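What the coordinates show
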Amino acid sequence: MFKSSIYICLIILLFTSYLASAQQSIRLNKNWEFLKQDLGGIWEAVRPVGVGNPEAVPLWQNVNLPHCVNAEDAVDPDVNYYQGPAWYRTQLSIANPHPNGRTLLHFEGAGQKTEVYVYTTKVATHVGGYDEWTADITEAVEAFKKTDAFKKQFKGKVPVSIRTDNSRDLEMIPSDLSDFNVYGGIYRYLNLVYVPALSVDKMFVKAAVDSLGKTGTVTVTARFYNPSKVGNADLNFKLLDPNGKVVFKAGKRLTSLSGDLEISSIAIKKPVLWTTEKPVQYTLTYEVISSGGNFKSEEKVGFRNINFVEKGPFKLNGKRLLLRGTHRHEDHAGLGAAMTEDLIRKEMVMMKDMGVNFIRLGHYQQSRIVLNLCDSLGILVWEEIPWCRGGLGGDVYKNQARTMLKNMIEQHYNHPSIIIWGLGNENDWPGDFPEFDKEKIRTFMKELNDTSHKLDPSRYTAIRRCDFCSDIVDVYSPSIWAGWYRGAYTDYKQVSIDEFKKVKRFLHVEWGGDSHALRHSENPDKALSKIKTGGSADERAGDASLYGGAARISKDGDWSESYITNLIDWHLKEQETMPWLSGTAYWPFKDFSTPVRPDNPVPYMNQKGVVERDLTKKEAYYVFQSYWTNKPMVHIYGHTWPIRWGDAGEEKMVKVYSNCSEAEIFLNGKSFGTKKRNSQDYPAAGLRWNLPFVNGGNVVKVVAKNGNEIVTDEIKFIYQTEKWGKPSTMELKKVSEVGGIATLEVKLFDDKGVQCLDAVNWINFGLTGDGKLIDNLGTSSGSRKVQAYNGRAIISADLKSGKSVVSVKSDGLPTVFVNL
């Protein structure tokens, strides 16, 4: 198993090299002002303002970048999230060190339409929220420096104003029918970049190797940024192996600097191969020397051979590799899309620690930070453009899709982790236009497929859930949601076999189901008895709704962590017996916000993640670890289940998830035997015991062994035998306080004072006073409106050194209060 210490070393190396190559790049994180509305015009952002005068309105707030317009309102239970214009402004000290150099603003991503101004001059516009782009501000800065305002009003600084706009627009992708928020803001890093008059725009470096790993080739192609029309240059470059040894060195005189220039083709004997266990990379360093100055940078590449076998599995470097995958949305509690580099790194390492070797980035081009981490951690990638739902628009719509496909491929061309370019998602979902023409969608899909292969013949193309286009792309994923939107999870294998037979190359991305974190069940599979089995297990229009339609677990199930761990357990044990399977990707790794699910237990949240929106692990995380990792681990189900229930003397099942060969269980200090792990012994791979809990407190401990290695786990809980009726009262208490942050818990009781452990009432928290609820996080314990989990709900409040009253309201029950 890939060790955490190796992760850290690779990550340090990765980002050190990034900084070295971008030494003239400065992240513009601080000293920004933000306005969540439109202006009457750019003059309102830069005109002189007297304190107390009308020009001081509207009021701006101080923020740091990256920043998302919808950091909180995306999950506010009482409003639709804001979709409209917003403004950012700052003042920059600009001093380009290169004679006749260019000054650029490099956007790593801003949503969804962006305009850039230097003082009152518009210098750039961009459409699309996910690809990188630059605004050349050189001339506008020089012109502004000649004005009186530069010296007098702005004291030698340059005012930069940026308008972002995520307004609803049918002629843009992604569709607002999509099951994720179309965020606004400068939600990825923005950089001030100084380059000489001649610089490299793109350096395409392709490392290819045969399946046996005997012969490798590195092909180098350069594209220059040359607005000053520099006539010629010298390019010196060298290729370093993963240990830093120079394996090739050359120089080249360039007398033409336009278009894409073929620089070199380098043959490497027996290159060190990039794998998911040892993702080693080579480094191409280069320097461009011209009359405009010198430009230095580097690119990383990896040698690997990929093969999706027709009617068969996936092979990496000639050997079968079962793709064990998940998905990622750019979304986080309290931040929306504005995740920092450190937070992204933490998330990606958590995925790798869970055993992931594959990820589908849904449903748009993601940050260069994410791709760099996939390269260094050993996670293969399906990355796609945001042609998602709604149908097919007109020329403006199609041109955006074309541009974003080209940008995605060119900007992420060098990453060894990428194996698939995704062309669309759920393109069989109509709704944005009066016309829904399958043949027109097929025609455009063919165009995108041809474009992808022309820009990058070395990688595969794929789409998910558009059966009438399944023959166009190289790899296809149908919609199979066995045990959630249709059927029972025991249908999974047969449905997969049926779908596998229909296409040339089959890869199953998106499976799983929702779980309300902290909710557990003594009988999680109860709803399966209502479900029709043996069908397609396909998600259909309306299935995501909690209302009407055929019986399905997504509507009729209990949304417990108990159920979803059973579903995942079944899928993973079946995948071990499918030798023809290329792989799967669970949807998704982390809960994320969505405008189309206002009625979920946490409103506006897709709760299918194996971790919550703040990266708190759910029980499901450990099920994956038990199948997908080698480092010994053990986890007793129920760490967040404080009270179990049943009859006196009844034996209750305890499940243990572990990758160890055997485990011994102890209840209240007494051993109840050792069991051997067998992945096909469902559930919990045979590591399950029926134990006689005592009324009141219980302690369960497990000792798991893998050879001489021993790992342990322990949980404590109450066992309740008292039966309860309908909830009639609530009790609200402060259960802890640390650093001025109080945690409050509400419990629901029947008329006899017995806690109602299966209550799912809606809970509404409120606060009056000096403090503030810590809410709008989109988590089970960070939402002021939330469904109860096992007759309770939790929230925290920042007391702000004052006094407050917290209330809890639930329909049909007396409202309760607590003084803080």
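For the structure, see preceding data.
This section reports on the structure supplied with the text. This one's a predicted model, so the numbers in the text were calculated from it and none came from an experiment. By convention here, each chain's residues receive numbers from 1 onward along its written sequence. The predicted nature of this model means local features are confined to residues of pLDDT at least 70 and side-chain atom pairs, given and counted, to a pLDDT of 80 or more, with totals for whole chains, interfaces and linings taken over all residues. Here the side-chain values reflect all heavy atoms present in the structure, with hydrogen atoms and water set aside.

1. A short note on the overall build of the protein
Operational definition: The numbering of helices and of strands both runs from the N terminus, where a helix is a DSSP run of H or I of at least 4 residues and a strand a run of E of at least 2. When we talk radius of gyration, it's over C-alpha atoms, and the globule rule is simply 2.2 Å times the number of residues to the 0.38. Exposure is judged per residue with a 1.4 Å probe applied to protein chains only, and the accessible area is read against the type maximum: over 50% gives exposed, under 20% gives buried, and values in between give partly exposed. Residue contacts are counted whenever heavy atoms from the two residues lie within 4.5 Å of one another. Computed by Shrake-Rupley with a 1.4 Å probe, the accessible areas treat only the displayed protein chains as cover when residues are assessed. When charges are tallied, Lys and Arg are placed among the positive residues and Asp and Glu among the negative ones, while His and the ends of the chain are skipped. By convention, charge coordinates are those of NZ in Lys, CZ in Arg, CG in Asp, or CD in Glu.
A tally of helices and strands in the protein yields 12 helices and 46 strands. Relative to a compact globule of 820 residues, whose C-alpha radius of gyration would be 28 Å, the protein shows 28 Å and is just as compact. Principal axes of the C-alpha set define a box for the protein whose edges measure 90 × 75 × 55 Å. Buried positions account for 60% of the 820 residues belonging to the protein. In the protein, of all internal contacts separated by at least 6 residues, the share reaching a separation of at least 24 is 72%. Surface accessibility of the protein: about 31,700 Å² in total, with carbon and sulfur atoms responsible for 50%. Here the protein contributes 102 positively and 96 negatively charged side chains, and the mean placements of these two sets differ by 4 Å.

2. A few points about the packing of aromatic side chains
Using the following cut-off: Between rings of Phe, Tyr and Trp, where Trp is taken as its six-membered ring, a pair exists when centres lie within 6.5 Å; planes separated by under 30 degrees are stacked, by over 60 edge-to-face, and by other angles tilted. Either the NZ atom of lysine or the CZ atom of arginine qualifies as a charge over a ring when it sits within 6 Å of the ring centre and within 35 degrees of the ring normal.
As enumerated under the stated definition, the model contains 39 aromatic pairs in all. With centroids separated by 5.9 Å and ring planes inclined at 70°, the aromatic side chains of F144 and F154 adopt a geometry described as edge-to-face. A residue pair is termed long-range when its members are at least 10 positions apart, and F144 in helix α3 (residues 138-144) and F154 in the loop between α4 (148-151) and β9 (158-165) qualify at 10 residues. The exposure class of F144 is buried, given its relative accessible area of 3%. For the pair F500 and W580, a centre-to-centre distance of 4.5 Å together with 40° between the ring planes defines the contact as tilted. With a gap of 80 residues between them, F500 in helix α9 (residues 492-500) and W580 in the loop between α11 (561-575) and β28 (583-586) connect regions that are remote in the sequence. For F500, a relative accessible area of 13% translates into the label buried. Through successive ring pairs, a cluster of aromatic residues spans W484, Y489, W559, Y563, W570 and Y682. Over the ring of W60 we find R89; its NZ or CZ atom is 3.9 Å from the centre of that ring. A cation over a ring is seen here: R677 above Y627, with NZ or CZ 5.0 Å from the ring centre.

3. Topic: α9
Short version of the rule: The reported arc concerns the directions from the helix axis to the C-beta atoms and nothing else.
For α9, the full list of buried residues reads Y492, V495, S496, E499 and F500. The buried side chains of α9 occupy one side of the element, clustering within an arc of 135° when seen end-on. Against β27 (508-509), α11 and β28 lie the buried residues of α9.

4. Considering the sheet that holds strand β34 (residues 662-667)
Either a parallel or an antiparallel arrangement is found when strands of a sheet pair, and the pairing is made through backbone hydrogen bonds. Stated precisely, the cut-off is as follows: Strands are treated as partners if at least two bridges between them are detected by DSSP. Orientation is described by axes fitted as lines to C-alpha atoms, over the contacting stretch for helices, and by angles from 0 to 180 degrees between their N-to-C directions.
An order of β32-β38-β37-β34-β35 is seen for the 5 strands of this open sheet, with the pairing classed as mixed. The sheet is open, and its two edges are formed by β32 (643-645) and β35 (670-676), each paired on a single side. Each adjacent strand pair in this sheet contributes to an overall mean axis angle of 30°, direction not counted. Sheet topology note: the β34/β35 ladder contains 5 bridges and is antiparallel. The residue bridging A663 from the neighbouring strand is K675, located in β35.

5. Remarks on empty space enclosed by the protein
Put simply, the test is: Grid points spaced at 1 Å over the protein atoms alone were grouped into cavities, where a 1.4 Å probe fits but cannot get out, and pockets, open sets with protein on both sides within 12 Å along at least five of seven lines, with lining residues defined by an atom within 4 Å of a point. Grid points are joined across faces, edges and corners, and a volume is the space filled by probe spheres set on the points. Residues are grouped as follows: Ala, Val, Leu, Ile, Met, Phe, Trp, Tyr, Cys and Pro are nonpolar; Asp, Glu, Lys and Arg are charged; all remaining types, including Gly, are polar.
Per the counting criterion, the structure on display carries 6 cavities of 30 Å³ or more. By volume, the largest cavity amounts to about 120 Å³. Around the largest cavity sit 15 residues that line it, and D179, R389, E426, E510 and W587 are the ones nearest its centre. Residues of the lining of the largest cavity, tallied by class, amount to 5 nonpolar, 3 polar and 7 charged. Roughly 100 Å³ of volume is contained in the second largest cavity. Tallied by class, residues from the lining of the second largest cavity come to 7 nonpolar, 4 polar and 2 charged.

6. A few points about the environment of I137
On the secondary structure map, I137 appears in the loop between β8 (133-136) and α3. I137 sits in the buried class, given a relative accessible area of 0%. Remark: the alpha-carbon pair of I137 and R345, spanning 208 residues in sequence, is separated by 31 Å. Apart from residues lying up to four places away in sequence, I137 is in contact with I94, T103, L105, V118 and V123.

7. Looking at the nonpolar core
Just so we agree on the cut-off: The criterion is simple. A nonpolar core is a set of buried Ala, Val, Leu, Ile, Met, Phe, Trp, Tyr and Cys residues joined through side-chain atoms within 4.5 Å.
Ranked by size, the top nonpolar core spans 109 residues in total, and within it M348, W387, I568, F589, V610 and F624 carry the most contacts. Excluding its chain neighbours within four sequence positions, the residues that come into contact with M348 are R328, I359, V370, L373, C374, L377 and I379. One finds A86, I94, Y117 and W133 within the second-largest nonpolar core, a separate group that totals 41 residues.

8. So, the pattern of salt bridges
Selection criterion: When a carboxyl oxygen of Asp or Glu is within 4 Å of a side-chain nitrogen of Lys or Arg, the pair counts as a salt bridge.
A full pass over the atoms with the stated rule returns 54 salt bridges. Here D76 ties to R784 by a salt bridge, and the two come within 2.8 Å at their closest N and O atoms. Of the two residues, D76 is situated in the loop between β3 (61-63) and β4 (85-92) and R784 in the loop between β42 (772-774) and β43 (785-787); the sequence distance between them amounts to 708 residues. In this structure R784 comes out as buried when scored by relative accessible area, which is 19%.

9. Side note on unusual backbone geometry
Between V57 and P58 the backbone carries a cis peptide bond, its omega angle lying at 5°. Tracing the backbone through its elements, the reader meets P58 in the loop between α2 (43-46) and β3. Cis geometry is adopted by the peptide bond preceding P174, which originates at I173 and carries an omega value of 0°. A positive phi angle, near 60°, is found at K229, a position not held by glycine. Along the chain, K229 turns up in the loop between β12 (215-225) and β13 (233-240).

10. Details of the pairing of strand β17 (residues 293-301)
Relative to β17, strand β16 (residues 282-290) is paired through 9 bridges, and the arrangement is antiparallel. In the sheet register, T285 faces β17, and the bridge partner there is E298. Linking β16 back to β17 in an antiparallel pair, the connection comprises 2 residues.

11. Observations concerning the pairing of strand β39 (residues 729-738)
In this sheet, strand β40 (residues 741-749) lies alongside β39 in antiparallel orientation, the contact comprising 9 bridges. Its bridge partner lying in β40, E737 is registered against A742. The hairpin formed by β39 and β40 contains 2 residues between the paired strands, and G739 there has a positive phi angle of roughly 60°.

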